[in-house]
Amino acid sequence: GYQRRVRGGFILCLIIVTFRLSVYCDNMSYSGYYRGRGGGPRGPRPAGIRQPGGYGPPPLPPDMIYKSFDPLESKHLFQRVAPEKDDTEISQAIIAKNQELTPPPEELAKLQEQVTKLTSIVDTLVVSPAPEVDIEEMRVVGSFKKGTILANHKTADIVLIIKHLPTKEDITNIQNLMKEKMNAQQPEKERKKATTKSHESGFSYTFNGSTLNVFVTTLPNNTKETIDPEKHLKLENLKNSLAAIRHARWFEENAYQSSIRILVRILKDFKKRIPFFKNVNPWTIDLLAHHSAVSNTNGNTLSVPQVFRRCLQLLAAGILLPGSASISDPCEPGFVKAHSFMSYEHQDELACGAQTLLRALSHGGYKEILAMKGARKITFENAVMFDGIIVTPSKLAYEKPAEPTEPMETNGLSLQ
């Protein structure tokens with residue numbers, strides 16, 4: 001009888017330990033989604049997502065090492081010790097800065113006038129092609145199309161798609177034709193003010209302070225053909241122009257909140273005046289602003305100050321650092337990180353600078369961060385005091401590996 005009781009107690013303990021271990025594994029799984037090594041998700045099975053071995057999300061890429069910390073998604077894990085601060089003053093400052101960065105209506109109207117003229121010319125050429133030009137279509141792209149253009153940036157980006165691989169001669173022919181037809185629609189006394197300038201992807205047309213930056217590309221299938229570097233435009237430039245069309249379309253369909261456009265303008269202003277932001281391209285800024293405003297599991301709409309603060313929190317936590325899950329590019333196949341073009345040094349500089357900005361913001365330094373009138377210039381070299389608190393800039397963590405200065409010689413062989 002004693003042995004039966006011991007054996008029964010041992011089995012009961014084993015069952016309890018096994019149950020607790022399974023609960024522990026569930027809680028420690030990635031984002032609460034995977035169960036064990038090969039199981040599917042907890043809760044109802046998602047329709048249409050079947051992987052080998054059962055239902056589950058698409059397999060994670062091997063280079064996705066971690067998901068950066070997000071305070072908004074972790075509020076339930078940290079009990080507040082003080083009530084949240086009133087964001088009224090910060091909100092008013094951000095709105096005022098956005099108004100300062102937004103072009104005046106008359107400036108936009110002049111630029112829109114030139115875009116409309118070029119659109120009518122291209123539409124005519126599509127219906128009745130000129131001998132030297134076979135245009136497929138024209139798309140307005142960039143910040144002018146997205147509604148995130150900054151004041152005094154009187155430039156509209158336009159992609160011109162032709163039916164064959166564009167050559168350098170094509171660029172010259174299109175540039176001369178567009179200048180001739182655009183000048184014909186300008187006031188006769190001011191036509192001499194119009195200028196054109198060619199660049200590696202197309203040309204620009206400037207009239208009365210407004211510039212149309214035209215990028216020439218071809219149909220996607222044509223990019224698979226053999227390209228002669230001496231004759232055709234670079235393949236990279238052709239693909240970048242096509243990508244600009246996808247970016248503009250995606251932003252128009254998904255960036256429906258005004259807070260996204262406000263944050264894009266703020267970050268573009270950072271890019272102009274804050275050193276560590278200069279290496280972030282406009283498309284990454286668009287994706288970061290959208291992610292900060294929209295990507296949250298509770299589905300709540302965030303206020304402008306919350307979106308701005310969350311953006312700095314994500315950057316400071318390393319969302320654009322090596323090994324981070326980052327933000328995937330929705331316009332590229334597979335999993336392409338939004339910051340894949342940035343070097344390790346630039347990624348480290350961005351995270352380091354964002355940490356300093358976030359600490360300044362936490363202690364009332366929003367006027368300095370936004371460069372409001374009358375505010376002192378924020379520095380990233382020396383400690384600065386905000387509201388009685390000394391904020392010390394973060395130090396860079398990345399150290400570039402030293403290159404060998406002299407070759408090693410072994411048995412008469414030189415090893416570099």
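Because the structure is predicted, anything quoted here is derived from the model rather than measured.

Definitions and limits used
- Per-chain numbering applies: the sequence of each chain, read as written, is numbered from 1 onward.
- Owing to the predicted nature of the model, reporting of local features is limited to residues with pLDDT of at least 70; listing and counting of side-chain atom pairs is limited to 80 or more, with chain, interface and lining totals taken over all residues.
- Note that the side-chain values use all heavy atoms of the structure and ignore hydrogens as well as water.
- The pairing criterion for strands is at least two bridges between them, as found by DSSP.
- A helix here means a DSSP run of H or I that spans at least four residues, while a strand means a run of E at least two residues long, and both kinds are numbered starting from the N terminus.
- Inter-axis angles, ranging from 0 to 180 degrees, are taken between N-to-C directions of lines fitted to C-alpha atoms, where helices are fitted over the stretch in contact.
- By the convention used here, residues are in contact when the closest approach between their heavy atoms is within 4.5 Å.
- Every helix has an expected span of 1.5 Å times one less than the residues it contains.
- Only protein chains enter the calculation, and the probe is 1.4 Å; a residue is then buried if its accessible area is under 20% of its type maximum, exposed if over 50%, and partly exposed in between.
- Nonpolar side chains (Val, Leu, Ile, Met, Phe, Trp, Tyr) within 5 Å and like charges within 9 Å form the patches, drawn only from residues with over 30% relative accessible area and no salt bridge.
- Reported accessibility uses the Shrake-Rupley method at a 1.4 Å probe radius. Residues are deemed covered only where the shown protein chains occlude them.
- Salt bridges, as used here, are contacts in which a Lys or Arg side-chain nitrogen is within 4 Å of a carboxyl oxygen on Asp or Glu.
- Take the buried residues of types Ala, Val, Leu, Ile, Met, Phe, Trp, Tyr and Cys, join any two whose side-chain atoms come within 4.5 Å, and each joined set is a nonpolar core.
- Think of it this way: a Phe, Tyr or Trp ring, Trp meaning its six-membered ring, pairs with another when their centres are within 6.5 Å, and the plane angle makes it stacked under 30 degrees, edge-to-face over 60, tilted otherwise.
- In this analysis the charged atom, NZ for Lys or CZ for Arg, is taken to sit over a ring once it is within 6 Å of the ring centre and within 35 degrees of the ring normal.
- Here a polar contact means two N or O atoms within 3.5 Å. Within protein one must be a hydrogen donor candidate and the other an acceptor candidate, and residues neighboring in sequence count only if both atoms are side-chain atoms.
- Our angle categories are set so that under 35 degrees counts as roughly parallel, over 145 as roughly antiparallel, 65 to 115 as roughly perpendicular, and the remainder as oblique.
- In the scheme used here, Gly and all other residues not listed as nonpolar or charged are polar, with Ala, Val, Leu, Ile, Met, Phe, Trp, Tyr, Cys and Pro taken as nonpolar and Asp, Glu, Lys and Arg as charged.
- The charged-residue count follows a simple rule in which Lys and Arg add positive charge and Asp and Glu add negative charge, with His and chain termini not counted at all.

Engineer: What exactly am I supposed to notice about the sheet that holds strand S3 (residues 135-141) here?
Structural biologist: Backbone hydrogen bonds hold the strands of a sheet together, and the pairing may be parallel or antiparallel. One open sheet holds the five strands; their spatial order is S3-S4-S7-S6-S5, and the pairing between them is mixed. Either end of the sheet is taken by a strand with one partner, and the two such strands are S3 and strand S5 (195-199). Adjacent strand axes in the sheet meet at a mean angle of 20° when their direction is disregarded. Running over the sheet, helix H5 (residues 168-184) touches S3, strand S4 (155-162), S5, strand S6 (202-207) and strand S7 (210-218) and is turned about 20° from S6. Packed onto the sheet, helix H6 (residues 235-254) meets S3, S4 and S7 and runs at close to 115° relative to S7.

Engineer: In this structure, what is going on with helix H9 (residues 304-317)? I would like to understand it.
Structural biologist: For an α-helix the count is 3.6 residues per turn, leaving residues at separations of three or four pointing the same way. In this model H9 runs 20 Å from its N-terminal to its C-terminal C-alpha over 14 residues, within 8% of the 20 Å that 1.5 Å per residue would give. What H9 keeps buried is the set Val304, Pro305, Val307, Phe308, Arg310, Cys311, Leu312, Gln313, Leu314, Leu315 and Ala316. If you follow the buried residues of H9, they end up packed against helix H2 (88-101), helix H7 (258-273), helix H8 (282-294), helix H10 (344-362) and helix H11 (366-370).

Engineer: Can you help me understand a nonpolar patch on the surface in this one?
Structural biologist: A contiguous nonpolar patch, built from Phe69, Leu77 and Phe78 and spanning about 350 Å² of accessible area, is present on the exposed surface. Structurally, the position occupied by Leu77 is in the loop between strand S2 (54-55) and H2.

Engineer: I would appreciate a short explanation of H8 in the present structure.
Structural biologist: Between the first and last C-alpha of H8 there are 18 Å, a value that for 13 residues agrees with the 18 Å anticipated at 1.5 Å per step. Counting buried positions over the 13 residues of H8 gives eleven, a clear majority of the element. All of the buried residues along H8 are Trp283, Thr284, Ile285, Asp286, Leu287, Leu288, Ala289, His290, His291, Ser292 and Ala293. The elements touched by buried residues of H8 are helix H4 (142-146), H6, H7 and H9.

Engineer: Is there a simple way to think about the nonpolar core in this case?
Structural biologist: Inside soluble globular proteins, nonpolar side chains tend to come together where they are buried. Phe270, Phe277, Phe308 and Leu315 are the most contacted members of the largest nonpolar core, which has 55 residues in total. Those elements that place two or more of their residues in this core are H2, H6, H7, H8, H9, H10, H11 and strand S8 (384-386). Here this core takes eight residues from H9, the largest share from any one element. With near-sequence residues (within four places) excluded, Phe277 lies in contact with Leu267, Phe270, Lys271, Leu315 and Leu350. Grouped together as the second largest cluster of nonpolar side chains are 31 residues, Val115, Ile149, Met182 and Phe203 included.

Engineer: When you look at the pattern of salt bridges in this model, what are you seeing that I'm missing?
Structural biologist: One side chain can pair with another of opposite charge once the charged atoms of both are near each other. Within this structure, the stated rule accounts for 13 salt bridges. Here Arg309 ties to Asp87 by a salt bridge, and the two come within 3.0 Å at their closest N and O atoms. Placement of Arg309 in helix H9 and of Asp87 in the loop between S2 and H2 is noted, with a sequence separation of 222 residues between them. Exposure remark for Asp87: the relative accessible area of 18% places this residue in the buried category. Linking Glu345 and Lys400 is a salt bridge whose minimum nitrogen-to-oxygen distance equals 4.0 Å. Of the two residues, Glu345 sits in helix H10 while Lys400 sits in the loop between strand S9 (389-391) and strand S10 (408-410), which places them 55 residues apart along the sequence. Through salt bridges with shared partners, one network takes in Lys97, Glu100, Asp269 and Arg273.

Engineer: Help me out: how do you make sense of the packing of aromatic side chains in this one?
Structural biologist: Each aromatic ring pair is summarised here by two numbers: the centre-to-centre distance and the angle between the ring planes. Summed over the entire model, instances satisfying the criterion amount to seven aromatic pairs. Ring plane angle 45° and centroid distance 5.4 Å describe the contact between Phe276 and Phe277, whose orientation is recorded as tilted. The same class applies to Phe276 as to Phe277, namely buried. When the ring of Tyr344 is compared with that of Tyr398, the centres are 5.6 Å apart and the planes differ by 65°; the resulting orientation is edge-to-face. Of this pair, Tyr344 sits in helix H10 while Tyr398 sits in the loop between S9 and S10, placing them 54 residues apart in sequence. On the basis of relative accessible area, Tyr344 is assigned to the partly exposed category, the value being 47%. What links up through ring pairs into an aromatic cluster is the set Phe270, Phe276, Phe277, Phe308 and Phe380. The ring of Phe251 is capped by Lys146, whose NZ or CZ atom sits 5.8 Å from the centre of that ring.

Engineer: Sorry, what's going on with the side chain of Ser394 here?
Structural biologist: Position of Ser394 among the secondary structure elements: in the loop between S9 and S10. Overall, Ser394 belongs to the buried group, its relative accessible area being 18%. Within the structure, the side chain of Ser394 is placed 3.0 Å from the side chain of Arg359, a separation counted as a polar contact. Ignoring sequence-local partners within four residues, the contact set of Ser394 consists of Cys352, Gln355, Thr356 and Arg359.

Engineer: Teacher, can you tell me more about the packing of H2 against H9 here?
Structural biologist: One way to put it is that H2 packs onto H9 with a least axis distance of 9 Å and a crossing angle of 85°. As judged from the angle between their axes, H2 and H9 are roughly perpendicular. Two secondary-structure elements touch here, H2 through Ile90, Ser91 and Ile94 and H9 through Val304, Pro305, Phe308 and Arg309. In terms of residue class, the contact of H2 with H9 is built from five nonpolar, one polar and one charged.

Engineer: What exactly am I supposed to notice about the side chain of Lys268 here?
Structural biologist: Summarising the element assignment, Lys268 is placed in helix H7. Buried and unpaired, Lys268 has no salt bridge, with Asp286 as the nearest side chain of opposite charge at 5.2 Å.

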